[in-house]
Amino acid sequence: MKIALVDSGIGLLPAAAAVRRARPDADLVLSSDPGGMPWGPRSTRDIADRARACARAAAALGPDALIVACNTASVHALPALRAELEPALPVVGTVPAVKPAATGGGPLAVWATPATTGSPYQRRLIADFADGVDVTEVPCHGLADAVERADEAAIDAAVRAAAALTPPGVRSLVLGCTHYELVGARIRQAVLGAGGREPVLFGSADAVAAQALRRVGDVGPAAASAAPSLVVLHGGHPAELTEAALGYLEGRGLAAVSPA
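Thresholds applied
Residues numbered from 1 in each chain as written. Predicted model: local features only at pLDDT ≥ 70, side-chain atom pairs only at ≥ 80, totals over all residues. Heavy atoms only, no water. Pairing = 2+ DSSP bridges. Helix = DSSP H or I, 4+ residues; strand = E, 2+ residues; numbered from the N terminus. Axes fitted to C-alpha atoms, helices over the stretch in contact; angles between N-to-C directions. Contact = heavy atoms within 4.5 Å. Core = buried A, V, L, I, M, F, W, Y, C linked by side-chain atoms within 4.5 Å. Buried < 20%, exposed > 50% of the residue type's maximum accessible area, 1.4 Å probe, protein only. Salt bridge = Lys/Arg side-chain N within 4 Å of Asp/Glu carboxyl O. Left-handed = near helix turned anticlockwise from the far one by under 90°. Nonpolar A, V, L, I, M, F, W, Y, C, P; charged D, E, K, R; others polar. Lys, Arg positive; Asp, Glu negative; His and termini not counted. Expected span 1.5 Å × (residues − 1). Arc of directions from axis to C-beta. Polar contact = N/O pair within 3.5 Å; in protein donor to acceptor, adjacent residues only side chain to side chain.

> Kindly report on the sheet that holds strand S8 (residues 200-202), identifying the contributing residues and their values.
Either a parallel or an antiparallel arrangement is found when strands of a sheet pair, and the pairing is made through backbone hydrogen bonds. The strand order S6-S5-S7-S8 describes an open sheet built from four strands, whose pairing is parallel. Edge strands, defined here as strands with exactly one partner in the open sheet, are strand S6 (135-139) and S8. Looking at each pair of strands side by side, their axes are set apart by 25° on average, direction ignored. Where strand S5 (residues 108-112) lies against S6, five bridges are found, and the strand directions are parallel. Each residue of the ladder has a partner; that of Trp111, found in S6, is Val138. Where helix H6 (residues 120-129) meets the sheet, its contacts fall on S5 and S6, and the angle it forms with S6 comes to roughly 160°.

Structure representation (structure tokens):
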């Protein structure tokens, strides 16, 4: 089995790690666009073009499914990618986990990029799945960029700034950008919920990985003797996991079980 993932940068690591947890024998293709990152401030057409370029490079390697492991690309490019690649290649998008987070009631916070916060897309998700729940949308200025660079000081500063905008007592916190899942522990510690408890975090990686495996038709256990491969593409060209990627547990885990 081979699963490909597309993102502007290393935000695809959590979903890739989730695939590996579920299927340790799965070959992975990580196709990103670090030269064009971040995608959020770009026009819809530019985002779609860049996502298509990453997806085509990955599709050329014959994956069984493709995960768009990026909230921004899922909003702006998912229909175009599905129109081009399906049904031959199943394409799975990423949606912020507002629905499962809202099932426990509020108060609820959604951390997202400034471009996504307050957008019609996010507002529709909240209206559809969190109607009647106390929801606060929190713009996280600079957090995705800081995570991409693995800049510890910048990550801490961005997390503190977003935490200051988050009302006290939130029960659940939705991570509306895939990059944020790489620093979930820091985010949880920075935001205190009711009674001084840390809120429950809701990311998308596990759900996206599970959906991709369902689309492939995964019904059996991983092969015990499998030696999975890892292919990294930057702008369509062969590359290696960056030093920043290896700064995160998810990146180190992928590198540790993948042959050179």
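From this point, the discussion proceeds with the structure in view.
> Give me the nonpolar core: which residues, what numbers.
Among soluble globular proteins, nonpolar side chains are generally buried collectively. Grouped together as the largest cluster of nonpolar side chains are 50 residues, with contacts concentrated most on Leu5, Leu30, Trp111, Leu143 and Ile187. The next biggest cluster of nonpolar side chains, apart from the first, holds 22 residues, and it includes Val29, Cys54, Leu66 and Leu89.

> Give a detailed account of the sheet that holds strand S10 (residues 237-239), specifying residues and quantitative values.
Read across the open sheet, the six strands follow the order S4-S3-S1-S2-S9-S10; overall the sheet is mixed. The sheet is open, and its two borders are formed by strand S4 (91-92) and S10, each paired with just one other strand. In this structure, strand S1 (residues 2-7) lies alongside strand S2 (residues 27-32), joined through six bridges in parallel fashion. Following the sheet pairing, Leu5 is matched in S2 by Leu30.

> If you had to explain the pattern of salt bridges to someone new, which residues and values would you point to?
The tally for this structure, following the rule as stated, stands at 12 salt bridges. Here Asp46 ties to Arg42 by a salt bridge, and the two come within 2.8 Å at their closest N and O atoms. Residue Asp46 is classed as partly exposed on the basis of its relative accessible area of 23%. Linking Arg123 and Glu137 is a salt bridge whose minimum nitrogen-to-oxygen distance equals 2.4 Å. Pair noted here: Arg123 is in helix H6 and Glu137 is in strand S6, with a separation of 14 residues, a long-range link. For Arg123, a relative accessible area of 47% translates into the label partly exposed. Linked through salt bridges whose partners overlap, the residues forming this network are Asp33, Arg42, Asp46 and Arg50.

> Any chance you could break down the packing of helix H2 (residues 44-59) against helix H4 (residues 78-85) for me, citing the residues and the numbers?
The contact between H2 and H4 brings their axes to 10 Å, and the two run at 35°. Like other packed secondary-structure pairs, H2 and H4 cross with a definite hand, here right-handed. Here H2 contributes Ala51, Arg52, Ala55, Arg56 and Ala59 to the contact with H4, which in turn contributes Ala80, Leu81, Glu84 and Leu85. Tallied by class, residues from the contact of H2 with H4 come to six nonpolar, no polar and three charged.

> Please give an account of the pairing of strand S3 (residues 65-68) that cites residues and values.
Residues Ala65 and Ile67 line one face of S3 and the alternating positions Leu66 and Val68 line the opposite face, and both faces are buried. Strand direction decides the pairing type here: S1 and S3, joined by four bridges, are parallel. Across the sheet, residue Ile3 finds its bridge partner in S3, namely Ala65. In this sheet, S4 lies alongside S3 in parallel orientation, the contact comprising two bridges. Opposite Leu66, over in S4, you have Val91 as the bridge partner.

> An account of the side chain of Glu250 is requested, with residue identities and associated values reported.
Here Glu250 lies in helix H11 (residues 249-257). One buried charged residue, Glu250, forms no salt bridge at all, with the nearest opposite charge on Arg21 at 6.2 Å. Ignoring anything within four residues of it in the chain, the contact list for Glu250 reads Leu13, Pro14, Ala17, Glu181 and Leu182.

> Explain helix H8 (residues 152-164) to me, using residue names and the numbers behind them.
An α-helical turn contains 3.6 residues, so any two residues separated by three or four positions project in the same direction. In a regular helix each residue adds 1.5 Å, so 13 residues correspond to 18 Å; H8 covers 18 Å between its end C-alpha atoms and thus fits that length. Those residues of H8 that sit buried are Ile155, Ala158, Val159, Ala162 and Ala163. The buried residues of H8 all sit within an arc of 135° when viewed along its axis, so they share a single face. Turned more than 90 degrees away from the buried face of H8 sit Ala153, Arg160 and Ala164, all of them exposed. Next to the buried residues of H8 lie S5, S6, helix H7 (143-149) and helix H9 (184-190). Where H8 begins, one side-chain oxygen reaches toward the backbone nitrogen of Ala153, 3.3 Å away; that side chain belongs to Asp151.

Take it as geometry only, folks, not as evidence of what the structure does.
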